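# Examination of the molecular architecture
What follows is the residue order along each chain.
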Amino acid sequence: RRGIRRISTGVKSLDELLGGGIETKAITELVGEFGSGKTQLCHQLSVMVQLPEDKGGLKAKALYVDTENTFRPERIMQMAKYRGLDPQEALKNILYARAYNSDHQMMIIEESKKIIEKENIGLIVIDSLVAHFRSEYPGRENLAERQQKLNHHIAQLLRIADIYNVAVVVTNQVVAQPDVFFGNPLKPAGGNVIAHGATYRVWLRKGKENVRIAKIFDSPYHPEREVTFRITEEGVVD
Ligand code: GTP
Ligand code: MG
């Protein structure tokens, strides 16, 4: 894919795993159990995207779609300060939208094109991609409809990522191990690449105390190894 740009996660080991950071024109899915660091990474990437390019950012803003009311401005300011940004400015550079249900979530993304055309957006976060869909379409009997809606939503995200050269990061809480993982919304039948975009899945799990372990799976472009990082007062670090 031509013209892709990368946003550093702020964690060397994780950047190495990702081949330099998360990519524009792609969706990166953070998959993991509760407390594995998905939301913390979303916060950190919303800060990192604002850094100049020589520091791993895109000197751009983030659009943060929050479905679970877990966005914490104070945490953004803490992370921003550690990365040498003005905390208040960093917060202003994150355009925040609370999504109240799955239709609202899809509408925000539909409408986001207008925002991206006006503002210098380098990153779209959806935390969580699937929570509303899961609660509104529960059980096997609703699986087909849920999947259809999610596929539409994901296709739209990929289009936006591709057209505007932005990175998309979404979260997906799971309880199972990746090898027994069932019904992943981002896994298209017949391969990893949909249209022009790509999807990468980063599996996160908890280690001891503040240690977290990351692995990329199902990607022909990334190594099959694990890296560790920590979540501290400074944010997400090596
Ligand atoms: P779910 O949304 O429940 O699926 O979890 P998650 O994967 O989004 O986890 P999240 O990123 O919210 O939290 C991961 C860890 O970060 C938790 O164990 C917290 O203890 C830690 N954490 C969150 N905020 C702070 C903070 O301000 N300071 C420090 N030191 N740690 C924090
Ligand atoms: Mg979370």
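That block above? That's the structure.
Values in this document were obtained by computation on a predicted structure and should not be read as measured data. (Residues numbered from 1 in each chain as written. Chains lettered and ligands numbered in written order. Predicted model: local features only at pLDDT ≥ 70, side-chain atom pairs only at ≥ 80, totals over all residues. Heavy atoms only, no water.)

## Some details on the site of ligand 1
- For ligand 1, the set of nearby residues contains 15 residues, the closest of which are Gly 35, Lys 38, Thr 39, Gln 40 and Glu 233.
- Contact distances for ligand 1 include 2.9 Å between an oxygen atom and a side-chain N or O atom of Arg 212.
- In the complex, the protein chains occlude 66% of the 660 Å² of accessible area that ligand 1 would expose alone.
- Elements represented by at least two residues in the shell around ligand 1 include exactly α2 (38–48), α3 (73–82) and β11 (226–232).
- Counting residues per element, the shell around ligand 1 draws most heavily on α2, which supplies three residues.
- Residues of the shell around ligand 1, tallied by class, amount to two nonpolar, eight polar and five charged. (Near = heavy atom within 4 Å. Polar contact = N/O pair within 3.5 Å; in protein donor to acceptor, adjacent residues only side chain to side chain. Areas by Shrake-Rupley, 256 points an atom, 1.4 Å probe, with all protein chains shown as cover. Helix = DSSP H or I, 4+ residues; strand = E, 2+ residues; numbered from the N terminus. Nonpolar A, V, L, I, M, F, W, Y, C, P; charged D, E, K, R; others polar.)

## Some points on the packing of α2 against α3
- Orientation of α2 relative to α3, taken along the N-to-C sense of each, is 55°, at an axis distance of 9 Å. With respect to each other, α2 and α3 are oriented oblique. Read as a crossing pair, α2 and α3 show a hand that is right-handed. Here Gln 40, His 43, Gln 44 and Val 47 of α2 lie close against α3, whose contacting residues are Arg 75, Ile 76, Met 79 and Ala 80. (Axes fitted to C-alpha atoms, helices over the stretch in contact; angles between N-to-C directions. Parallel < 35°, antiparallel > 145°, perpendicular 65-115°, else oblique. Left-handed = near helix turned anticlockwise from the far one by under 90°. Contact = heavy atoms within 4.5 Å.)

## Some details on the pattern of salt bridges
- On inspection of all chains with the given rule, the structure shows eight salt bridges.
- Measuring nitrogen to oxygen at the nearest pair gives 3.6 Å for the salt bridge that ties Glu 29 to Arg 201. Highlighted residues: Glu 29 in strand β3 (residues 26–32) and Arg 201 in strand β9 (residues 197–206), separated in sequence by 172 residues.
- Relative accessible area serves as the criterion here: at 6%, Arg 201 is assigned to the buried category.
- When the shortest N-O distance is used, the salt bridge between Lys 114 and Glu 111 registers 2.9 Å. A residue pair is termed a helical-turn pair when its members lie 3 or 4 positions apart in one helix, as Lys 114 and Glu 111 do in helix α5 (residues 102–118) at three residues.
- For Lys 114, a relative accessible area of 51% gives the class exposed.
- Classification of Glu 111 as partly exposed rests on a relative accessible area of 35%. (Salt bridge = Lys/Arg side-chain N within 4 Å of Asp/Glu carboxyl O. Buried < 20%, exposed > 50% of the residue type's maximum accessible area, 1.4 Å probe, protein only.)

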